Structure formats: structure tokens, C-alpha cells
Amino acid sequence: MLAEPASPIVADAGGDLVLTGVRKTYGPVVVLDVPELAFRRGQVVALVGENGAGKSTMMGVISGSVTPDEGTITVAGDSLGAGTHHAQEHGVMMVSQEFPLVGQLSVAENLLLGRRPSERRFLVDWRAMESTARGMLERVGLDVPVRRKVDALSVAQRQLIEIAKALGRGPRVLILDEPTSALGPAESERVLQIARECAAAGGIVIFVGHRLNEVRQVADRIVVLRNGRLVADMTPQEATEQRIVFEMVGRDLSGEGAIQSPQADAPVTLELRGLTAEGLGPLDLAVSAGEVVGVAGLMGSGRSRLLHVLMGAIPCTGGEMLLGGKRYRPRDTADAVLSGVALIPEDRKRQGLLVDSSIRWNGTLAVLRRISLRGIVLTPRGDRTKSREVVASARVRCQSTEQSARSLSGGNQQRLIFGRWMAANPDLLLLDEPTRGVDVGAKAEIYHLIDEQRRQGMAILVASSELEELLSICHRVVVMRDGSITATFDRSEFSKERIIAAAAVDRVAS
Amino acid sequence: MSAQPLSTTTEAPLQTRPESAGSRLRELLIGTPEIGIVAAVIVAFAVFAAINSDFASGAELQNLGIDLAGFAILAVGESFCIITGGIDLSVGSLTALFCVVSAWLNVTEGVPVIFTFLIVIAFGGLWGLFHGLLITKLGLAPFVVTLFTFIFAAGLDEAMAVNPIPITSSVFLGVVGSTVAGVPIAVIVLVVIAVVAWFALERTYLGRQIYAVGGNQEAARLAGIPVQRRVMLVYVISGACSAVVGVIVASHITSGTADSVSGWELIAIAASVIGGVSLIGGQGRIIGVVAGAALLVVLRDGLVAVNVNAYYQSMVVGLVLLLAIVVDRLRIIRLERSGKRVRRVAPVSSTELSASDGS
């Protein structure tokens, strides 16, 4: 039996990770150029930078999935060769944002993929496998049945499983790529703690994050990349959020994101009275035109579910919905769009984009009928004109509307989806994790877009696991727990502690 | 709106290498694979015609056209299903069934020819709707649902046509027998269907929504596209196309018989795939599908014309299919690579479309 060691988490032998003269180019573009960078044992090093700054390339180079043009990477003096396999043999484990989990397999099978939990040679020892898996889940504080298929889990749960999987292999170097972007406050806290434990046990933790407060909280050292180069290497004391942002984007962004309150006499756009749906409600809520209301809550609290019910993607089972004073009960999403509702979902790639199609196709997807002649004929010119409008209005940076959505950076993809819905000009805009996985600069732009829509009189409902985000862009925050609203805070009463308390009462993580 | 792009700091030169005519041709072929298929059809035809000059004769061309009409119409219907990420295995069995049913209605029941055609096509559409309902409302896999019909319809049509039902109506036989300016009516029907299908897919909102459903069903649904209705629509189209081909086949063999079209569903799928329709969904064009069917027909009839043994015919067709999918895969790998290059370039180039493209 392979007994699960309680601690230390990290394999004991190990040394520093050193990058020397590492350079990577794609065509004429230098995406990474690092003369020298050493990661010390026992440290959590935060790697920050905008999308396209070279973080992914650096992680790829360290984990072996990207072969640098020049330079060497050594772990404890051993030079790493090409390929992820070699890196893994040296204890380099990467927890990526794109979870390479096998959806059709159970949690336990995924956790132990490629490993054998017992000495038996040919048959799978299910019992040993499941108990090992349970041990691994406990370490990340995730409570799901190990026999459940991964397909049935939420993004947040999959993220924790990825982390558990990497920890289970006893990493010397643990790379966490935005590990908390899908998580609520309590789970995020746990992940940060895991990172600290891992470093305390002598490991090297590379933490890539967009939430600067987390970065400052967890890291012993903060390394900033910009355009493929190291621009700053700071201690947490030196690294104020303002300083980090400044280093990342190369200029000062403070002052952006201040919001005005909505007009007092604005009409109510959305009103819910005793709304119920599977796992939801009864809920009462009203959102006025020009108002931004945040929905906070832990994962599984029903945040996304509420938005999906409003979008007609999950049927509502009772209660009343009023949209612009009229009874609203969408049969499907098409109904919702016709009634003036729009949803920007949480998972861009799975729920938002046609990744292999062009920007043009993605941009006009929600208004196809409207831009068609006589409501039927889609002319190439109409399509092109509209897609250019979408790209311009949402400030999507691209070379042509014919390039694929896949070729855009995360922030640009998100703006493209914003543009898609701005073209539809809805009355009610539903946002689910609007800035998940986008960098600081792109975040500011998305907040700016939200504010623009608000000014035009749109009612906006934002669900987010990032409290700072809600506190900075919302007029009001409602807190959900177990499918119901447990508290409402006006802007004047905003307090992180009270919101967390309202979200987590009698659910404190064990 | 003139907000500054926030994350652009350095200028990177756009990749505008001077391109030779050859590399431009290569890029064109990579971007539009249909051109390659059309070229392959022409080359194959020229080779066969050079070996056996009868192959390019008027009568032989008419035969070729009638064979093509059957395969291509079936492939067009099939490609709608494949574009949504589904598949329709029933088209061959349904074609055989409607071949028998149309003969039975017209000959045995004495229904006028025009009404026979309308009834059969409506019946085909309804059968497709039945597929669509099972797929969308019960969430069954298209493969399984249409596999049922594949088996069931084959039995039904053998039961109906124990003896072939000979067709005598000159109007009915005229579908294949008559020509307009030397072109058989069936070929004209093919052209009309292909043009309508092309228009529907590429020039109407419905077509774009069908592609979107195949590209990412969940994204399409959350963008307000009625996914279930679109999926039902494609199976209705495929069923109706099977019915049209059933009528053409009945007219061609001048009777309703059961064993006339075995294996046609696979030819329809092969034609779609050769024509560049991705089995994952979301991609493919009608011109490619028709060209794919044409390539198969030219190979089949051409190999007969130059007296190649039937075994070798199947092997050649199989190899062409393999070649088509391998070439397509290489093309996609190439495209993805260039896509990656674009991604690396995009964030650091300050090409704002609103500025560079604002005409």
C-alpha cells in the first residue's frame, strides 16, 4: 500500500530552480527574455503580469511544455530537458487553468491517473484508490464523493481537484496558474494556505495570480513580467497594489473604476417576487435601470444558477418575474434575448465563444436576426459592418475580424462577448464572473464597459467570487447562501467581513 | 469613443513578408479546402476520359449526372446534420423505403405523380422530425436514434416490396428520363437543392445559427439561439432529402425495389467528409460536399469505364477518403499553428481595428 504521508507535503530532496539566459520568440516577437531568475526553496514566488506578458510562456518553459530557443533551466543543479515528462520526473508539477481532467472518469480515477495506488499488478484496487483519493481531497478541503464523475462537478471543484492531484505527486516545484480565479473566498483562503504549507515544507511554489491582495498575502517575493521581460522583483512590503499595477501596465491606473450612484427615480427593470427554481429561492430582488447589483456567495450558493434562471437557461418553477413592469417567464434563452436579457457566462471557452470561428461570427451571434434583411437574409456586408462595430465598441484588439476567437487573449475574448451583447442592447445584463482570468489592465477596461452600459440605463446583475470586484463596481450587494438571499448591503454599508460572514454562516470550512 | 488601449506598450512589426505566387496559392488552398476537391474531380475526370474516350460522351455524362444527383442530394442533407455535430445513419434506408413507397403510392394506390412526390417528401420530413424530437427532447445520441431507422426502415421496405413494383407513369419516369437542353431533370433538381442549401447555410441567419450549434452548443444556447429547433430542422432537411433521392432512384431503376441503395448512408457521410465537413461539427460548405460526392461518383463510374475490378473500386474509394481526412487534418494543424502565431503577436501590436479598419 502506498500510505498517504500526512506531512511533509513535499518530497524532501530538492534545491533551487534557476533559469539562465532563457529566451523564447515566436516569429519576430520576443515573448520571453529572462537573463537570470532563481526561485529559492521554501518560498512562494508570485508571478504577475498582464496577459501576453510572458507568464504562460515562463510557466511552460519551467514545466517543459514550451521549449525555449536558448537558455537552461536547472532544478537542484540538474538541467531540465525538453518535454513535460522530464520536468515531472524532477518534481515540477503544474496546476493549469485549463483542467486536463477526464470528465467521464470519477474523481478518484482522475486524482490517481497514471499512478497505481497499490501493489497489485493487473487489477485496479478500488478500495485503496478511493481511500488515497479521499486523503488527497481532504488536504485541499474539498468534500465531494470520490466516485462522482468529474463532468458533474463545478469549475471550482475541478480546480481544487487539479490542485489535489498535483500535491499528491509530491511536488518539489509547484506551479499554480491562477488557482483561485474560479473559487469563492473560503476556498481561495484554503488554496493560499496550501501554497504556504507547501513552501514551509521546503518546496518552491510559483503562484500566478490576478488578485493582487492574494498575491501580496501569499507571496514571499513578487516578480513582475512585462512584454516578456522581468521589470520588478519585490518583497511584499515594497509591493503595494498600486506599485504592482504600475509595474504591470507601465503606468498608473488608480482613479479608474470610481462609480456614480444611479438616479433616485430610475424605473425598476427587474423585479423578482418569491422566485423559485431547482435549488433556488424563494427570492425577492429588484434591480433598477442604471443600477449595478452584485451577487456574492460561496461556490454552490446559487449565484450562477440565479443568472441562468433569469436567462431562461434553467426553468423557473414558481414565483413571479417582472421585466420592465411586464410579466416575464422565458421558455428558453431565445425568449430571454427577445425580452431584452443578456448573459455573459462564467466560462468563456465552454459557454461563451465559438473558439474556432471568426471574431465576426462570434460578434454578431446574438443579433443575427436583427442584422438580416427582412429578418432572414444575412448579407456579407451587413455581417461585416456589424462585427466591426462590435469590435470597435468593445475595444477588442485584433488584426482582422476574420481571425479566430481562439487567437485572442483572455481579456480580448471577454470584451468580444461584451461587444456581442452590447450590440443586442439589452435592458438587463447578467454578468457571471465578468473578469475571471483576465489581467489587471483588461479588468479596468471591462469595468469601464460595465459603467458605460450602466450609464445608458441598463440594469446590471453581477455574480462574482471576487469581493473586491463587487465592492468596487456595485451599488448594492446581495449575499446568497443555499439558493436564497441572506443579506443585502448598500454601498454605504459595504464591508468585506460582514459579506463573508453572511455568505459563510454555519458553513465554516472544516 | 476614444479610450486608450491600456495594455499596448510596444510596437511589433506586423508580419507582412512579401509572398510569392506559390505561397499565396498554398495559403488559399489551406483557407478554402473546397478548391482542392474541385480540382481533384476535374483531374480524375480528365484521366478517365483520356483512357476511355466514351467516358466523356453525352450519354455517359448524363448517367454520371444522374448518379451524382442521388449521392449529392443525400450528402447535402447529411452534411446539415454533421454541421450541427450530429449524424444521420438513416438516409440510405430511408431512400430505399421512399423508393418503394413512392412506387407503391403511384402504382398500387393510383395517387397522381405530383401528389405522390409531395406526400413522400412530407413523409421524409416528418420522419426526420421524429429523429429530431428524440434527439432534442430525450437527449438521445443522433447515432443511436438514426441507427434505429437504419435497421427498422430497411425491414419495412423489404416487407413492402416483396416483389418489385414496376413504374409505368411517364411523368414519374421523366424525373430521370427527361432532359432539358440535354440535362436530366434529376440533375436540375440537384442544382436547385444545392443552391438553396448553400444560400440557407451561408446567407441566412438560420444557417449561421446551425453552424453555431455545431461549433459550441452551450455557447449558442446562451447566446439566445433556439438550439433544439435548429437541431430538429436539420434532421427534417435530411429526411426530406432522402425522400427526394428515393423518388430519383425509383425513377432511375423504373421500379420500387428494396435492395437498390444499400450502403448509401456511408457514401453520403464519406462525401461530406471528403468535402471538408468536420465530424466534430461547426464547419463545412455545400460546394465542398457536392464536390466530394462528385469525386466519389467520378471514381466509381470511371473505374467501371476503364474496367477495373469491383474490389479495387472500393479500395480506391477508401483510400481517397483516407487521403481526404489526412490532408484536412494537416491543414487544420497548419491553421492552428498560424493561429498561435497571431495570438503571440496580437497583444503587443497596437493594431486597433477601429483605427486601422475604419472606412
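Residues numbered from 1 in each chain as written. Chains lettered and ligands numbered in written order. Predicted model: local features only at pLDDT ≥ 70, side-chain atom pairs only at ≥ 80, totals over all residues. Heavy atoms only, no water.

A.B. asks: Any chance you could explain unusual backbone geometry here in plain terms?
C.D. replies: Keep in mind that most residues, glycine aside, have a negative phi and that most peptide bonds are trans. Residue and element names in this part refer to chain B. Of note in this structure, T254 is not a glycine but carries a positive phi near 55°. Its place among the elements puts T254 in the loop between α11 (227–253) and β4 (255–256). For N307, which is not a glycine, the phi torsion comes out positive at approximately 60°. (Helix = DSSP H or I, 4+ residues; strand = E, 2+ residues; numbered from the N terminus.)

A.B. asks: Which parts of the structure should I look at to understand helix α1 (residues 55–63) of chain A?
C.D. replies: Within an α-helix, residues lying three or four positions from one another point in the same direction, as the helix has 3.6 residues per turn. Residue and element names in this part refer to chain A. Most of α1 is tucked away, with eight of its nine residues classed as buried. Within the sequence span of α1, burial applies to K55, T57, M58, M59, G60, V61, I62 and S63. One or two residues past the end of α1 sits G64, with phi positive at roughly 95°. (Buried < 20%, exposed > 50% of the residue type's maximum accessible area, 1.4 Å probe, protein only.)

A.B. asks: Looking at this model, I keep getting lost on the nonpolar core. Mind explaining?
C.D. replies: The nonpolar side chains of a soluble globular protein tend to be buried, and buried together. Formed by 183 residues in total, the largest nonpolar core has its most connected members in A:L306, A:F418, A:W421, A:L429, A:L430 and A:L461. The leading source of residues in this core is helix α3 (residues 58–83) of chain B, at 14 residues. Those residues within four positions of A:L430 in sequence are excluded, and the remaining contacts are A:L307, A:L310, A:M311, A:V341, A:A342, A:L343, A:I344 and A:L461. In terms of nonpolar packing, the next biggest core, distinct from the first, is built from 53 residues, A:L137, A:L174, A:L212 and A:A219 among them. (Core = buried A, V, L, I, M, F, W, Y, C linked by side-chain atoms within 4.5 Å. Contact = heavy atoms within 4.5 Å.)

A.B. asks: Where do I start with the sheet that holds strand β20 (residues 484–490) of chain A in this structure?
C.D. replies: Across a sheet, strands are paired by hydrogen bonds formed along the backbone, either parallel or antiparallel in direction. Residue and element names in this part refer to chain A. Spatially, the six strands line up as an open sheet ordered β16-β17-β18-β13-β19-β20, and their pairing is mixed. This sheet does not close on itself; its edge strands, each paired only once, are β16 (341–344) and β20. Recorded for the sheet is a direction-independent mean angle of 20° between the axes of neighbouring strands. Together, β16 and β17 (428–432) form the strand contacts of helix α14 (residues 410–424), whose direction differs from that of β16 by roughly 175°. The sheet contacts of helix α15 (residues 440–455) involve β13 (292–296), β17 and β18 (459–463), and relative to β18 the element is tilted by about 150°. (Pairing = 2+ DSSP bridges. Axes fitted to C-alpha atoms, helices over the stretch in contact; angles between N-to-C directions.)

A.B. asks: Even after reading the chapter, I still don't get the domain arrangement of chain A, so can you show me in this structure?
C.D. replies: Interfaces are often described in size by the accessible area the parts lose on coming together. Residue and element names in this part refer to chain A. In terms of domain boundaries, chain A breaks down into domain 1 (17–249) and domain 2 (269–504). For domain 1 versus domain 2, the separation of C-alpha centres amounts to 30 Å. Counting residues at the interface gives 27 residues for domain 1, matched by 20 residues for domain 2. Buried area between domain 1 and domain 2, summed over both chains or domains, comes out near 1,800 Å², and the portion from carbon and sulfur atoms is 53%. Between the two partners, domain 1 and domain 2, sit one residue pair in polar contact (both at pLDDT 80 or more). When residues of the side of domain 1 that touches domain 2 are assigned to their parent elements, the largest contribution, four residues, is made by helix α5 (residues 155–167). Considering only residue class, the side of domain 1 that touches domain 2 consists of twelve nonpolar, nine polar and six charged. (Domains from an automatic or database assignment. Buried area = accessible area lost by both parts, 1.4 Å probe. Polar contact = N/O pair within 3.5 Å; in protein donor to acceptor, adjacent residues only side chain to side chain. Nonpolar A, V, L, I, M, F, W, Y, C, P; charged D, E, K, R; others polar.)

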